[in-house]
Amino acid sequence: MATTDRQATTLALAHALSAAERGLAVIPLSRTKLPALRSPHRDDPDPVPCHGECGRPGHGVHDASTDPARVRRLFAAAPTATGYGIACGRPPHHLIGVDLDTKNGTDAPAALRELAVRHLFTIPVTVVVVTPSGGRHLWLSGPPDVVVPNSASRLAPGIDIRGAGGYLVGPGSRTDHGTYTTAPGTAHLSPAACPPALLRLLLPPPRAHPPAPPAGGHGRGLVQFVLAAHEGRRNTCLFWAACRAYEDGIGPALVEPLVDAARTTGLSEREARATIASAARMTGHHP
């Protein structure tokens with residue numbers, strides 16, 4: 001490996017360790033922005049789904065860690081790494097990445113400003129990472145009880161969202177197209193809280209359901225929506241339904257039915273009440 005490549009790997013490790021100190025879970029990346037470690041199951045004749053349960057590295061974002069010793073081991077196993085990825089959705093920041101592209105005639109920053117005006121939220125002052133192509137990554141912090149999914153151009157052309165299961169290229173990473181850098185004046189910031197109105201836009205739209213029975217009206221429909229939630233989306237669906245209930249003025253009356261519905265799906269009462277309380281705060285109410 002050339003001296004310049006060794007220097008790039010050493011520098012990437014230094015940046016990754018600095019990010020880990022701030023509570024950001026990291027993995028080594030190659031110059032192509034992909035995880036630098038190959039899957040240990042690539043030659044298995046009958047591979048089974050594994051997110052790192054086998055104990056070996058090479059599971060992409062599932063390898064991400066804030067432990068300095070583990071981060072060093074990951075980079076030692078990836079000598080060609082020139083960058084690092086930051087896992088989204090992990091505590092303590094529960095990072096949400098808003099990727100604003102400016103290529104191919106798109107103006108994602110303008111689209112985000114238009115969404116902010118239309119949905120009455122303010123884009124907060126937060127960490128901003130500048131990409132080699134001139135794009136921007138905004139770092140936002142999400143609630144611990146809400147799972148924000150990854151999406152591409154769902155909000156508007158050129159706006160991609162990095163949520164649970166995704167990662168952001170960390171500042172200081174070197175790629176085939178250039179280096180990722182922190183925008184002036186933002187390196188010292190912590191990820192700002194995601195505005196509630198923007199958070200609601202990031203959640204997946206509700207699935208279609210049969211009309212709710214007349215008795216109970218809209219509230220009954222929200223309860224049915226929670227009851228139909230699949231494992232992995234139970235908290236998100238409960239949060240969405242509770243937000244709608246508080247926005248429609250029936251939040252307090254629907255707390256107990258929503259808690260009962262959430263418990264039916266497998267959530268604990270404590271989890272359910274914490275999620276509903278979070279929805280109340282997000283919509284400007286007192287739980």
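Since we're looking at a predicted model, the values are computed, not measured.

1. Digging into the nonpolar core
Counting 52 residues, the largest nonpolar core has Ile159 and Leu258 as the members making the most contacts within it. In terms of residue count, helix α6 (residues 234-247) provides more of this core than any other element does, nine residues in total. Not counting chain neighbours up to four residues away, the residues in contact with isoleucine 159 comprise Val98, Asp99, Leu100, Ala108, Ala111, Leu112, Leu115, Ala152, Ser153 and Arg154. Listed in part, the 32 residues of the second largest apolar core include Val71, Leu95, Tyr167 and Val169.

2. Observations regarding the environment of threonine 126
Assignment of secondary structure puts threonine 126 in the loop between α3 (108-119) and β4 (128-130). Given a relative accessible area of 3%, threonine 126 falls into the buried group. Each C-alpha atom of the pair threonine 126 and alanine 193 lies 8.7 Å from the other, and the pair is 67 residues apart in sequence. Those residues in contact with threonine 126 that sit more than four places away from it in its chain are Leu138, Trp139, Leu140, Thr186, Leu189, Ser190, Pro191 and Ala192. Of note is the side chain of threonine 126, whose polar atom sits 2.9 Å from the backbone nitrogen of alanine 192.

3. A few points about the sheet that holds strand β8 (residues 167-169)
Spatially, the three strands line up as an open sheet ordered β1-β2-β8, and their pairing is antiparallel. With one partner strand each, in any of the chains shown, β1 (26-29) and β8 form the two edges of the open sheet. Each strand of the sheet is rotated relative to its neighbour by a mean of 35°, with strand direction disregarded. Packed on one face of the sheet, helix α2 (residues 68-76) meets β1 and β2 (83-87) and runs near 15° to β1.

4. Side note on the pairing of strand β3 (residues 95-100)
Buried residues dominate β3, accounting for six of its six residues. Neither face of β3 is exposed, since Leu95, Gly97 and Asp99 on one face and Ile96, Val98 and Leu100 on the opposite face are all buried. Where β3 lies against strand β5 (residues 136-141), six bridges are found, and the strand directions are antiparallel. Following the sheet pairing, aspartate 99 is matched in β5 by histidine 137. Inspection of the sheet shows β3 paired to strand β7 (residues 159-162) by four bridges, in the antiparallel sense. Counterpart to valine 98 in the pairing with β7 is isoleucine 161.

What counts and what doesn't
- Residues numbered from 1 in each chain as written.
- Predicted model: local features only at pLDDT ≥ 70, side-chain atom pairs only at ≥ 80, totals over all residues.
- Heavy atoms only, no water.
- Core = buried A, V, L, I, M, F, W, Y, C linked by side-chain atoms within 4.5 Å.
- Buried < 20%, exposed > 50% of the residue type's maximum accessible area, 1.4 Å probe, protein only.
- Helix = DSSP H or I, 4+ residues; strand = E, 2+ residues; numbered from the N terminus.
- Contact = heavy atoms within 4.5 Å.
- Polar contact = N/O pair within 3.5 Å; in protein donor to acceptor, adjacent residues only side chain to side chain.
- Pairing = 2+ DSSP bridges.
- Axes fitted to C-alpha atoms, helices over the stretch in contact; angles between N-to-C directions.

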